[in-house]
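The primary structure of each chain is shown beneath.
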Amino acid sequence: QVHLEESGGGLVQVGGSLRLSCKVSGGTFATYGMGWFRQAPGKEREFVAVISWSGNSIYYTDSVKGRFTISRENAKNTMYLKMDSLKPEDTAVYYCAASRENSGSWDRESFYDYWGQGTQATVSS
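Our subject in this report is the structure included herewith. Nothing here was measured: the structure is a model prediction, and the numbers come from that model.

### Digging into the sheet that holds strand S7 (residues 68–73)
Part 1: The strand order across the open sheet formed by 4 strands is S1-S3-S8-S7, and the pairing between neighbours is antiparallel. Edge positions in the sheet fall to strand S1 (3–7) and S7, since each has one partner strand and no second. Neighbouring strand axes in the sheet, compared pairwise and without regard to direction, differ in orientation by 15° on average.

Shown next as structure tokens:
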């Protein structure tokens, strides 16, 4: 059974940074497309970023471009999201997700087969 576990969330001030991690166990991490989503209070879950199995293809939602960096270490079965220049509107529960596909509608929840439980990131002003 594939298990995803996020970590690294917390409370940070505006302009600060956080690095989220997503550890995958029980599957073949190196073959998965991996994504980050977030859900702010009272809002629907939204796509943040995706990285292909090789790391050669990366996409971000417009609101985080230039501030967030997605990466992965296949040898450690781990994906990361470095979040810089954080804003209050980045406050959300952040979820990692894994897909057995590496092409398709990577910005949609239905593209992904496995999900973590989420980690809270709060940006205070």
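### Some remarks on the pattern of salt bridges
Opposite charge on two side chains permits them to pair, given that their charged atoms come into close proximity.
Part 1: A complete count under the given rule lists 8 salt bridges for this structure.
Part 2: The salt bridge involving Glu109 is made with Arg45; its shortest N-O contact spans 3.0 Å. Note that Glu109 is positioned in the loop between strand S9 (92–99) and strand S10 (114–115) and Arg45 in the loop between strand S4 (33–39) and strand S5 (46–51), a separation of 64 residues in sequence.
Part 3: When its relative accessible area of 33% is taken as the criterion, Glu109 is described as partly exposed.

### Thoughts on the state of the cysteines
Part 1: One pass over the structure, following the stated rule, counts 1 disulfide.
Part 2: For Cys22, the disulfide goes to Cys96, at an S-S distance of 2.1 Å. Linking Cys22 and Cys96, the disulfide has an S-S dihedral of approximately 65° and is accordingly described as right-handed. Pair noted here: Cys22 is in strand S3 (residues 18–25) and Cys96 is in strand S9, with a separation of 74 residues, a long-range link.
Part 3: Overall, Cys22 belongs to the buried group, its relative accessible area being 0%.

### What about unusual backbone geometry?
Part 1: If you check the backbone angles, Asn77 has positive phi at about 55° while not being a glycine.
Part 2: Within the fold, Asn77 resides in the loop between S7 and strand S8 (78–83).
Part 3: The class for Asn77 is partly exposed, based on a relative accessible area of 27%.
Part 4: The backbone phi angle of Ser85 is positive, close to 50°, even though this residue is not glycine.
Part 5: If you trace the backbone, Ser85 turns up in the loop between S8 and S9.
Part 6: Judged by relative accessible area, Ser85 falls into the partly exposed class, the value being 41%.

### Overview of the nonpolar core
Part 1: Within the largest apolar cluster, 28 residues are counted, with the highest numbers of intra-cluster contacts made by Met34, Trp36, Met79, Leu81, Met83 and Tyr94.
Part 2: Elements with a contribution of two residues or more to this core: S3, S4, S5, S7, S8, S9 and strand S11 (119–124).
Part 3: Counting residues in hydrophobic clusters, the runner-up holds 6 residues, among them Phe37, Phe47, Ala97 and Tyr112.

Procedures and definitions
Along each chain, residues carry numbers from 1 onward, in the same order as the chain's sequence is written. Confidence filtering applies because this is a predicted model: local features only for residues at pLDDT of at least 70, side-chain atom pairs given and counted only at 80 or more, and all residues used for totals across whole chains, interfaces and linings. The basis for every side-chain value is the complete set of heavy atoms in the structure, and neither hydrogens nor water enter the calculation. Any two strands between which DSSP finds at least two bridges are classified as paired. In DSSP terms, a helix is any run of H or I states spanning at least four residues, a strand is any run of E spanning at least two, and both are numbered starting from the N terminus. In this analysis, axes come from line fits to C-alpha atoms, helices being fitted only over the stretch in contact, and the angle between any two N-to-C directions falls in the range 0 to 180 degrees. The salt bridge criterion pairs a side-chain nitrogen of Lys or Arg with a carboxyl oxygen of Asp or Glu, the two atoms within 4 Å. Accessibility here uses a 1.4 Å probe with only protein chains present; expressed as a share of the type maximum, an area under 20% marks a residue as buried, one over 50% as exposed, and anything in between as partly exposed. A pair of cysteine sulfur atoms is labelled a disulfide when the two atoms are within 2.5 Å. For the purposes of this section, nonpolar cores are sets of buried Ala, Val, Leu, Ile, Met, Phe, Trp, Tyr and Cys residues that join through side-chain atoms within 4.5 Å.

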